[in-house]
Amino acid sequence: MMHTTVGWHVELEFQEDEQHTRAAALVRLPDGSEVRAHGHATRHRTDSNQPRVGEEIAGARALNELAMQLLTKAHEEIDSASGRTSHPINV
C-alpha cells in the first residue's frame, strides 16, 4: 500500500487583455525552494474572445516550463550526489 509522504501545491495566476494571456506558475518544494515559470497565449484577431482558452494555453505552457525546470533541478541533484553526469530523464 502506498502512503503519501509529501504534497506539492502549484499556484497559477493569469493576467489578460483583449489579445494576450500571461500565466505565472509557482511550486514550493519541501526543501524550501521555489520554482517559477511563465507561459503566454496570443489570440488571433479573427478568433472569438474566449478567455478560458487563453488561460488553458498559457497555463499549459507555464506548467510545461515548470516541468522542464524541475527535470533540470533533479539532474543537477543526481549529478551532485553521484559525481557523474546522469542519463537524460525523458518526458
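In case you missed it, the structure is sitting above this.
Basis of the calculations
Residues numbered from 1 in each chain as written. Predicted model: local features only at pLDDT ≥ 70, side-chain atom pairs only at ≥ 80, totals over all residues. Heavy atoms only, no water. Salt bridge = Lys/Arg side-chain N within 4 Å of Asp/Glu carboxyl O. Helix = DSSP H or I, 4+ residues; strand = E, 2+ residues; numbered from the N terminus. Buried < 20%, exposed > 50% of the residue type's maximum accessible area, 1.4 Å probe, protein only. Pairing = 2+ DSSP bridges. Axes fitted to C-alpha atoms, helices over the stretch in contact; angles between N-to-C directions. Contact = heavy atoms within 4.5 Å. Core = buried A, V, L, I, M, F, W, Y, C linked by side-chain atoms within 4.5 Å. Expected span 1.5 Å × (residues − 1).

In the structure shown here, the tally under the stated rule is six salt bridges. Across the salt bridge formed by Glu56 and Arg52, the nearest N and O atoms sit 3.5 Å from each other. With Glu56 and Arg52 both in helix H1 (residues 51-82), this residue pair falls four residues apart, about one helical turn. The class of Glu56 is partly exposed, set by a relative accessible area of 47%. Several salt bridges converge on common partners, so that one network encompasses Glu11, Arg28, Glu34 and Arg36.

The three strands lie next to each other as S1-S2-S3, forming an open sheet whose pairing is antiparallel. Sheet topology places strand S1 (9-16) and strand S3 (34-42) at the edges, where each strand pairs with a single neighbour. Here the average twist between neighbouring strands, direction ignored, is 15°. Looking at chain direction, S1 and strand S2 (residues 20-28) are connected through eight bridges and run antiparallel. Paired with Phe14 across the bridge in S2 is Ala23. Sheet strands touched by H1: S1, S2 and S3. Its angle to S3, the strand with the most contacts, is close to 145°.

Counting ten residues, the largest nonpolar core is built from Ala23, Ala25, Val27, Leu29, Val35, Ala37, Ala41, Ala58, Ala62 and Leu66. Looking at this core, the elements with two or more residues in it are S2, S3 and H1. Setting aside residues no more than four positions away along its own chain, Ala62 makes contact with Leu12, Ala23, Ala25, Ala37, His38 and Gly39.

Here H1 is 32 residues long and its end C-alpha atoms lie 46 Å apart, about the 46 Å a rise of 1.5 Å per residue gives. Where H1 is concerned, the buried positions are Gly54, Ala58, Gly59, Ala62, Leu66, Leu71, Lys73 and His75. In the core, the buried residues of H1 are packed alongside S1, S2 and S3. Phi for Gly83, located one or two positions after H1, is positive at around 75°.

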